[in-house]
Amino acid sequence: METEASENPQLSDKPDLAPSEDSQSLSKTEPLEKVLNETSKEITNLLSKYANIISTRTALDSSYVQELDEILKEAKAIENHLKQKREMLKQRFTFIANTLQS
């Protein structure tokens, strides 16, 4: 009977603590898994929000770059126009000065 009891733990005279410990550890892991799942969902949600914000900021920065490029093109066009006007004025003043000298 002793060999049978040692081979089969359910038939032994010793109280078996393993199943109760297993059930306690299972009951402890279920809330832990729930917390981990909720935390994972929160992290995923926050990362998604962060990605959207970064995407929006990138688009906004890109629009700023385009706007600055347009302003620079316009400024260069104005600068070229003013240079042409100055050159035309020089030519007119030179013509007027030559006319007055003769």
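Residues numbered from 1 in each chain as written. Predicted model: local features only at pLDDT ≥ 70, side-chain atom pairs only at ≥ 80, totals over all residues. Heavy atoms only, no water.

(A) Representation of the overall build of the protein. The helix and strand inventory of the protein stands at two helices and zero strands. Counting over 102 residues, the protein shows a buried share of 1%. (Helix = DSSP H or I, 4+ residues; strand = E, 2+ residues; numbered from the N terminus. Buried < 20%, exposed > 50% of the residue type's maximum accessible area, 1.4 Å probe, protein only.)

(B) Representation of a nonpolar patch on the surface. Taken together, the side chains of L89, F93, F95, I96 and L100 present a nonpolar region at the surface, about 590 Å² in accessible area. With respect to the helices and strands, F93 occurs in helix α2 (residues 18-101). According to the relative accessible area criterion, F93 is exposed, its value standing at 57%. (Patch = residues over 30% accessible without salt bridge, like charges linked within 9 Å, V, L, I, M, F, W, Y side chains within 5 Å. Areas by Shrake-Rupley, 256 points an atom, 1.4 Å probe, with all protein chains shown as cover. Salt bridge = Lys/Arg side-chain N within 4 Å of Asp/Glu carboxyl O.)

(C) View of the pattern of salt bridges. Here the structure, examined in full by the defined rule, presents one salt bridge. One salt bridge in this structure joins K83 and E79, with 3.8 Å as the shortest N-O distance. Of this pair, K83 and E79 both sit in helix α2, four residues apart, which is roughly one turn of that helix. A relative accessible area of 44% places K83 in the partly exposed class. The exposure class of E79 is partly exposed, given its relative accessible area of 42%.

(D) Examining the confidence of the model for the protein more closely. Mean pLDDT over the protein works out to 83, with 73% of the residues at or above the 70 mark. Scored below 50 in pLDDT, residues 1-9 shows three contacts in the model against residues more than four places distant or in partner chains. (pLDDT = per-residue confidence, 0-100. Contact = heavy atoms within 4.5 Å.)

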